[in-house]
Amino acid sequence: MRAIQVREFGGPEVLLPVEVPEPVAGPGQVVVALEAADVIYLDTLLRGGWGQDFFPRTLPYVPGHGGAGRVLSVGEGVDPGWAGRRVVAGTSTGYAERIVAGVEEVTVVPDALGSAEAAAVLHDGVTALNLARTAGIERDEWVLVTSAAGGAGSLLVQLARDAGARVVAAARGERKLALARELGAEVTVDYSSAGWEERVREATGGAGVGLAFDGAGGELGAATFGTVADGGRFLTYGTAGGGFAEIDPLSAEERRVRVTDVLAAGPPDPLLVRELLSQALTLAAEGRIRPHIGATYPLERARDAHVSLAERRTVGKSLLLV
Ligand SMILES: NC(=O)c1ccc[n+]([C@@H]2O[C@H](COP(=O)([O-])OP(=O)(O)OC[C@H]3O[C@@H](n4cnc5c(N)ncnc54)[C@H](OP(=O)(O)O)[C@@H]3O)[C@@H](O)[C@H]2O)c1
């Protein structure tokens, strides 16, 4: 079958289309024929050799983190009723025509939801719901979402709006800001222009936001911290802006800002992930969150997906259509 393989860590050029042996379901596993493979920013970091502590990858490896499709075959000890069902599977591989997943890693897709939309919420939906739940978004409070037109950010904008908050969205470039407005942001700010933090504060009447979700990290993350009102909450999960946001604990204490690094403890517990994924699929099927699939690529063009993410040209979710 066709797959993408990384034989050495490096830039997008190390994503090579190859033929690999057909996967076989072992005990407790299923083989899923993918229709859409999810592409998340983390894939680009792992391809470059980052994150081996939490996400070890042994070369050569097939990148990705799963996707949506149909169960093709089941292994020993798995209910044969799974065969033919439309599912999402969250695994540690994904850029391939077919993947193997443990049956506990597989969730049925509601009939009302397309496979591409299901793949689009597989990780971003879980991440956004986890952040929203951890923060406890309050009605009428000002909420800043940065990287607001990215996969996870564009869902967070919608969850915050759905919770009755007033959303300020920050991203780079008018195309991304237009999407954030379409998804429910009341105010949009281009954080690639100087003085953007001041514009966020002005929008809130001067005090700053009660809650900020930092989807960028690095210097942008540190600047985002400065837009939070005294006594507010700052949740950081982004790394694309140059690593984790470094926040001075003394400054946080002085300003009574609660800082939560959502990734500090590694990936969330698998049981929580299952629960949040079911919720994300239901919300998407009901139309309460709408993943914006802004970029789709054939499997063999995975490298284009990574180039576009690195160059910040992608608006919304990227998927590989198999
Ligand atoms: N997806 C998940 O489930 C998940 C889980 C845990 C952590 N994260 C982290 O959350 C962030 C968003 O993840 P995602 O998968 O949804 O990706 P994404 O948002 O679709 O793409 C990355 C985003 O980072 C922003 N960005 C800021 N500085 C950047 C830079 N120097 N280079 C490239 N992009 C830059 C881009 O928006 P602008 O151009 O508007 O700045 C872009 O929207 C990432 O940092 C990721 O590591 C995601």
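Right, let's walk through the structure included here. (Residues numbered from 1 in each chain as written. Predicted model: local features only at pLDDT ≥ 70, side-chain atom pairs only at ≥ 80, totals over all residues. Heavy atoms only, no water.)

## Some points on the overall build of the protein chain
- The helix and strand tally for the protein chain stands at 10 helices and 15 strands.
- Relative to the globule expectation of 20 Å for 322 residues, the C-alpha radius of gyration of the protein chain, 20 Å, shows essentially globular dimensions.
- In terms of overall dimensions, the protein chain has a C-alpha envelope of 60 × 40 × 35 Å along the principal axes.
- Out of the 322 residues belonging to the protein chain, those deemed buried represent 53%.
- Relative to all contacts within the protein chain whose residues are 6 or more apart in sequence, the contacts with residues 24 or more apart total 69%.
- Split by element, the accessible area of the protein chain, about 13,500 Å² in all, is 52% carbon and sulfur. (Helix = DSSP H or I, 4+ residues; strand = E, 2+ residues; numbered from the N terminus. Rg over C-alpha atoms; globule rule 2.2 N^0.38 Å. Buried < 20%, exposed > 50% of the residue type's maximum accessible area, 1.4 Å probe, protein only. Contact = heavy atoms within 4.5 Å. Areas by Shrake-Rupley, 256 points an atom, 1.4 Å probe, with all protein chains shown as cover.)

## Points about the sheet that holds strand β8 (residues 142-146)
- Strands sit in the order β10-β9-β8-β11-β12-β13 across an open sheet of six strands; the sheet is parallel. Since the sheet does not close on itself, it has two edges, and those belong to β10 (187-190) and β13 (258-261), each with one partner. Averaged over all pairs of adjacent strands, the angle between strand axes in this sheet comes to 15 degrees, irrespective of strand direction.
- Where helix α7 (residues 218-225) meets the sheet, its contacts fall on β8, β11 (209-214), β12 (228-236) and β13, and the angle it forms with β12 comes to roughly 150 degrees. (Pairing = 2+ DSSP bridges. Axes fitted to C-alpha atoms, helices over the stretch in contact; angles between N-to-C directions.)

## So, the pairing of strand β6 (residues 98-102)
- Among the five residues of β6, four are classified as buried, and the element is accordingly described as predominantly covered.
- By the bridge criterion, five bridges tie strand β3 (residues 29-39) to β6 in an arrangement that is antiparallel. Counted as the bridge partner of Ala33 is Arg98 from β6.

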